[in-house]
Each structure stands twice: as structure tokens, then as C-alpha cells.
Amino acid sequence: MKNELALTQILAFFSFWFGACIASFLNVVIWRVPRGESIVSPPSHCPKCNAPIKWWQNLPILSWLALRGKCANCRAPISPRYVLVELLGGALFLAVFMKFNPLGMPLDTHLWAVVAIFVYWIWIALMIAGSFIDFDHQLLPDFTTVGGMVLGLASNAYFCFFHWGKAFWKNFLVYSVGGLALGFGLLWLVRWLGSKAFRREAMGMGDVFLMGAVGALFGPVAVLFTLIVSSILGTVVGVGMILAAKAKFGKFVAIPYGPYICAGCLVWMFWGPQIANWYLSLMRFGG
């Protein structure tokens, strides 16, 4: 029991640190991809003085704290968003590990849990990159949206074939392919109706593909849940920002829909089925 607890703690620390390292790389992706720059060359450098960043100055979270948020060469300030992205990546990777911790599962489900962890980690990395690029440039790159669709179809094909037995085609077609079609089709319809109503583009096609990826990964129910939660979040944040701007506490900044879709999907990933079951139980009780 003690050995299992110690191993869980070690793996939990690894999960957080690995997530922070991936998020540190995603900071490079977020900055360079929209500008058409290579994510490999040149190596990391200060955008102000172009001085190369040494490896010990590039440790996730720790280096930013040690340097007090400033470049080691020119002392130019380094945006705290870099360390916030790293903390976000670490926290979400840790949360995924705790959700699927294979050490607390029967032996015959260990492989399923490990694959699920890595699928969730990849999707979280795509969502972090996509959300921040969308926030900065109102753009969702194909590698986050189409990549999410491919990840969803491939991972669910694996789970259906190796873990869901004889119902492979039924489960795969209804759950993953059906989810992709519903997510893509539903948001395409919302986009089309919005464009007709406002006589301008209501949302980008990237959002449509992103919701398709949510469906491919998590199925039709997750699409409906994510659409509802993302709409609520968008309304609350939008109204809050408008009120803050009117009260002169800040200025209104339009936030694209992509980050709200990702936030709604995160809620589904960790609590969605429980929330949906709770709501359905209330409906049955009320009826």
C-alpha cells in the first residue's frame, strides 16, 4: 500500500512536470506558428535582444521565477503569460493522471488507462495551443482542429476494437463518427444562421472544425454539453466585460469562441457525465 502511494506521488509529480515542459514548448508554438516561423530553428531567444536562452534559463516555471520575470541578458520583462501557460499545462496533465490513475484500477484495465491518459494529454496540448493562438490572432490552426478530429477517430477506433468487443462498428460509428458529424454539422448550422442574421461572418470555420473534434473524441452528448457550457461561459464573460468597461474598470476585449469551446470541453472531460446524469435525475424527479 505504501509502495503504491509512493509510486502514485512520483507519477503525479512527473505528470505535472511533463505537462509544464510540454506547455513550455507550446509557448514557442503559440508565438511562432501564426507568424509562419519554424518551431525548431532558431533556438529559443529573447525577442527583445535576440540573445540565446540557455537551457538552465528555460526550465518551466522555475527559470521565470529565478529570473524574476526578466531576460537574463537585457533585463526586458518576460510576460507572466508564459509561466501561466506552463502552470496550466502542468495542472491539467496532473488532473488527467489523477482521473485515470492506472495504479488504482484492476490489472486488465491498466493499458486502457495509460492510452486514455496519453490521448487526453495530446488533446489538452492541442487545446492550449489553439486557444491562445485564437485569442491572439482569431485563428485556429488546422493542426489543432483537424488534428483533434484525427486523434478522436484513431483513439476511439482503438478503444472500440480492443476494449469494446463485438460492438466495434456500432460503437465507433455512433460514438466517434456520429459525434464528429453532429459537432461539425451543428456548429456549421449555427455559423450559417448567424451569418444570415447579422449579414457578416458569425464565426470562423475553425470553430466548426474544433467542435467536430470534440465530437470525434467524446461523442454526441459531449457536443451538446460543450455547446451549452461554452455559450453560458461566453455570455457571462461578455456581459462581465461590458459592465466592467462601462464602470471604467477595464476595456472590452472581444474573445473568440474557440477558447470557450475548449473550456466547455474541459468541463466535460472532468465532470461532464456526472453533471449530465445529475441533470437527468432532476428531470426524472421533476417529472
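In case you missed it, the structure is sitting above this.
Here's a quick rundown of the structure. These numbers come from a predicted model, not from an experiment.

## With respect to the overall build of the chain
When helices and strands are counted, the chain shows 9 helices and 0 strands. Scanning the chain from its N terminus toward the C terminus, one meets helices and strands in the order α-α-α-α-α-α-α-α-α. Relative to the 2.2 N^0.38 estimate, which gives 19 Å for 287 residues, the radius of gyration of the chain is 21 Å and therefore close to what a compact globule would have. The dimensions of the chain, computed from C-alpha atoms along their principal axes, are 65 × 60 × 35 Å. Here the chain holds 287 residues, and the buried ones make up 38% of them.

## Some thoughts on the packing of aromatic side chains
Tallied over the entire structure, the rule returns 13 aromatic pairs. Note on F270 and W271: the rings are 5.9 Å apart at their centroids and 55° apart in plane angle, and the pair reads as tilted. By relative accessible area, F270 is classed as buried at 13%. Through a chain of ring-to-ring contacts, three or more aromatic side chains come together here, namely F100, W112, Y120, Y158, F159 and F218. Taking NZ or CZ as reference, R35 lies 3.5 Å from the ring centre of W31, over its face. Here the basic side chain of K99 rests over the ring of F100, its NZ or CZ set 5.6 Å away from the ring centre.

## A short note on the packing of helix 7 (residues 205-218) against helix 8 (residues 220-246)
Look at helix 7 against helix 8: their axes get within 7 Å of each other, and the N-to-C directions meet at 140°. Classified by the interaxial angle, the pair formed by helix 7 and helix 8 is oblique. Viewed along their axes, helix 7 and helix 8 form a crossing whose handedness is right-handed. Contacts from M211, V214, G215 and F218 of helix 7 reach helix 8 at P220, A222, V223, T226 and L227. Considering only residue class, the contact of helix 7 with helix 8 consists of 7 nonpolar, 2 polar and no charged.

## Section: the pattern of salt bridges
Side chains that differ in sign of charge can pair as their charged atoms come close. Scanning all chains against the criterion turns up 1 salt bridge. Between R81 and D136 there is a salt bridge whose closest N-O contact spans 2.7 Å. Of this pair, R81 sits in helix 3 (residues 81-100) while D136 sits in helix 4 (residues 110-137), placing them 55 residues apart in sequence. Classification of R81 as partly exposed rests on a relative accessible area of 27%.

## Let's talk about helix 8
Along an α-helix, a turn takes 3.6 residues, which lines up residues three or four apart on a common side. The terminal C-alpha atoms of helix 8, which comprises 27 residues, lie 39 Å apart, in line with the 39 Å expected from a rise of 1.5 Å per residue. If you check which residues of helix 8 are buried, you get A222, V223, F225, T226, L227, V229, S230, G238 and M241.

## Re the side chain of S15
Checked against the element boundaries, S15 lands in helix 1 (residues 2-32). A relative accessible area of 1% places S15 in the buried class. Apart from the residues lying within four places of it in its own chain, the contact partners of S15 are G90, F93, L94, F97 and W121.

## Section: the packing of helix 3 against helix 4
The geometry of helix 3 relative to helix 4 is characterised by a closest axis approach of 9 Å and an angle of 155° between their N-to-C directions. In terms of their interaxial angle, helix 3 and helix 4 are classed as roughly antiparallel. For helix 3 against helix 4, the interelement crossing comes out right-handed. Where helix 3 abuts helix 4, its residues R81, V85, L88, G89, L92, F93, V96, F97, K99 and F100 lie against W112, A113, A116, I117, Y120, W121, I124, I128, F132, F135 and D136.

## Points about the layout of surface pockets
Volume-wise, the largest pocket comes out at about 790 Å³. Forming the boundary of the largest pocket are 32 residues, of which H45, P47, I53, I78 and Y82 lie nearest the centre. Secondary-structure elements contributing two or more residues to the lining of the largest pocket are helix 1, helix 2 (62-66) and helix 3. It is helix 1 that provides the largest number of residues to the lining of the largest pocket, a total of 5 residues. Residue classes in the lining of the largest pocket are distributed as 17 nonpolar, 9 polar and 6 charged.

## Notes on a nonpolar patch on the surface
Together, W271, I275, W278, Y279, L280, L282 and M283 make up an exposed nonpolar region whose accessible area comes to about 770 Å². Along the polypeptide, L282 turns up in helix 9 (residues 257-286). A relative accessible area of 40% means that L282 is categorised as partly exposed.

## Quick look at the nonpolar core
In this structure, V96, W123, I124, L187, F218 and M269 are the most contacted members of the largest nonpolar core, which totals 54 residues. Those elements giving two or more residues to this core turn out to be helix 1, helix 3, helix 4, helix 5 (142-163), helix 6 (168-198), helix 7, helix 8 and helix 9. With 15 residues, the single largest contributor to this core is helix 4. Sequence-distant contacts of F218, that is, excluding residues within four places in its chain, are made with Y120, W123, Y175, C265, W268 and M269.

The rules we used
- Residues numbered from 1 in each chain as written.
- Predicted model: local features only at pLDDT ≥ 70, side-chain atom pairs only at ≥ 80, totals over all residues.
- Heavy atoms only, no water.
- Helix = DSSP H or I, 4+ residues; strand = E, 2+ residues; numbered from the N terminus.
- Rg over C-alpha atoms; globule rule 2.2 N^0.38 Å.
- Buried < 20%, exposed > 50% of the residue type's maximum accessible area, 1.4 Å probe, protein only.
- Phe/Tyr/Trp six-rings, centres within 6.5 Å; stacked < 30°, edge-to-face > 60°.
- Lys NZ or Arg CZ within 6 Å of the ring centre and 35° of its normal.
- Axes fitted to C-alpha atoms, helices over the stretch in contact; angles between N-to-C directions.
- Parallel < 35°, antiparallel > 145°, perpendicular 65-115°, else oblique.
- Left-handed = near helix turned anticlockwise from the far one by under 90°.
- Contact = heavy atoms within 4.5 Å.
- Nonpolar A, V, L, I, M, F, W, Y, C, P; charged D, E, K, R; others polar.
- Salt bridge = Lys/Arg side-chain N within 4 Å of Asp/Glu carboxyl O.
- Expected span 1.5 Å × (residues − 1).
- 1 Å grid on protein atoms, 1.4 Å probe; cavity = no way out; pocket = protein on both sides within 12 Å on 5 of 7 lines; lining within 4 Å.
- Points joined across faces, edges and corners; volume = space filled by probe spheres on them.
- Patch = residues over 30% accessible without salt bridge, like charges linked within 9 Å, V, L, I, M, F, W, Y side chains within 5 Å.
- Areas by Shrake-Rupley, 256 points an atom, 1.4 Å probe, with all protein chains shown as cover.
- Core = buried A, V, L, I, M, F, W, Y, C linked by side-chain atoms within 4.5 Å.

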